[in-house]
Amino acid sequence: MRVYSRLLATASNAGASNSFRPAPMALLPPIPLYRRLLRAHRKLPREERTLGDLYVKAEFHAHKNIDNPVHIVGFLSEWQMYAQQLAGDAWKGAKMDRSKVDKMSDQQIGQLYELMTAIRKQELEDNESEHGTDNDK
């Protein structure tokens, strides 16, 4: 077996002002990532799981025939970060990074708005059902 030195070389931050960054995690292929996301949603409450599963399925279906490698890597890396956040509980109550919102297209902002309104509607329905049962007592 022939060893190629350029394949063994790794990039370094020599001379960079930032300290070394941890090596990024390898991206999962689409199907294992899709399955991991659906499994991660199992720990969510039923309504959130249903909404999350529908959204993941729709997004993966919509991006099924994307050929641009930059879009594919961006799509997979964002979903993988989401899966990692969902594995822990750090995502609860967290706010979205402003730089991510600035990079979004109008369509993505519209989807985000629809998601926000669906969540708020669900919260209002939950609050009304809680207060409705309290008034009956």
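Refer to the structure printed above.
Attention in this report is confined to the structure presented alongside it. (Residues numbered from 1 in each chain as written. Predicted model: local features only at pLDDT ≥ 70, side-chain atom pairs only at ≥ 80, totals over all residues. Heavy atoms only, no water.)

1. Focus on the nonpolar core
One recurring pattern in soluble globular proteins is that nonpolar side chains are buried together. Residues Leu33, Leu37, Leu38, Val56, Phe60, Phe75, Leu76, Trp79 and Ala83 constitute the largest nonpolar core, which totals nine residues. Of all elements in the fold, only helix H2 (30-40), helix H3 (46-62) and helix H4 (69-87) reach the threshold of two or more residues within this core. Sequence-distant contacts of Trp79, that is, excluding residues within four places in its chain, are made with Leu33, Leu37, Tyr55, Val56, Glu59 and Phe60. (Core = buried A, V, L, I, M, F, W, Y, C linked by side-chain atoms within 4.5 Å. Buried < 20%, exposed > 50% of the residue type's maximum accessible area, 1.4 Å probe, protein only. Helix = DSSP H or I, 4+ residues; strand = E, 2+ residues; numbered from the N terminus. Contact = heavy atoms within 4.5 Å.)

2. As for the packing of H2 against H3
Contact geometry of H2 with H3 gives a least axis separation of 10 Å together with a crossing angle of 165°. By the criterion of interaxial angle, the relationship of H2 to H3 is roughly antiparallel. Relative to H3, H2 is oriented so that their crossing is right-handed. On H3, the residues touching Pro30, Leu33, Tyr34, Leu37 and Leu38 of H2 are Asp53, Val56, Lys57 and Phe60. Tallied by class, residues from the contact of H2 with H3 come to seven nonpolar, no polar and two charged. (Axes fitted to C-alpha atoms, helices over the stretch in contact; angles between N-to-C directions. Parallel < 35°, antiparallel > 145°, perpendicular 65-115°, else oblique. Left-handed = near helix turned anticlockwise from the far one by under 90°. Nonpolar A, V, L, I, M, F, W, Y, C, P; charged D, E, K, R; others polar.)

3. Observations concerning the pattern of salt bridges
Per the counting criterion, the structure on display carries four salt bridges. The salt bridge involving Glu47 is made with Arg46; its shortest N-O contact spans 3.3 Å. For the salt bridge of Lys100 with Glu78, the shortest nitrogen-to-oxygen distance reads 3.2 Å. Residue Lys100 is located in helix H5 (residues 98-103), and its partner Glu78 is located in helix H4; the two are separated by 22 residues in the primary sequence. For Glu78, a relative accessible area of 38% puts it in the partly exposed group. (Salt bridge = Lys/Arg side-chain N within 4 Å of Asp/Glu carboxyl O.)

4. Considering the packing of aromatic side chains
For the structure shown, the criterion picks out six aromatic pairs. Both rings, one in Phe60 and one in Trp79, keep their centres 5.9 Å apart while their planes meet at 50°; by these two values the pair is tilted. One end of the pair, Phe60, is in helix H3; the other, Trp79, is in helix H4, with 19 residues separating them in the sequence. As far as the burial class goes, Phe60 and Trp79 line up, both buried. Look at Trp79 and Tyr82: their rings are 5.5 Å apart centre to centre, the planes differ by 90°, and that puts the pair in the edge-to-face class. (Phe/Tyr/Trp six-rings, centres within 6.5 Å; stacked < 30°, edge-to-face > 60°.)

5. A word on the environment of Ser77
Structurally, Ser77 is set in helix H4. Owing to a relative accessible area of 23%, Ser77 belongs among the partly exposed residues under this scheme. On a C-alpha basis, the gap between Ser77 and Ala26 in space is 9.1 Å, while along the polypeptide they are 51 residues apart.

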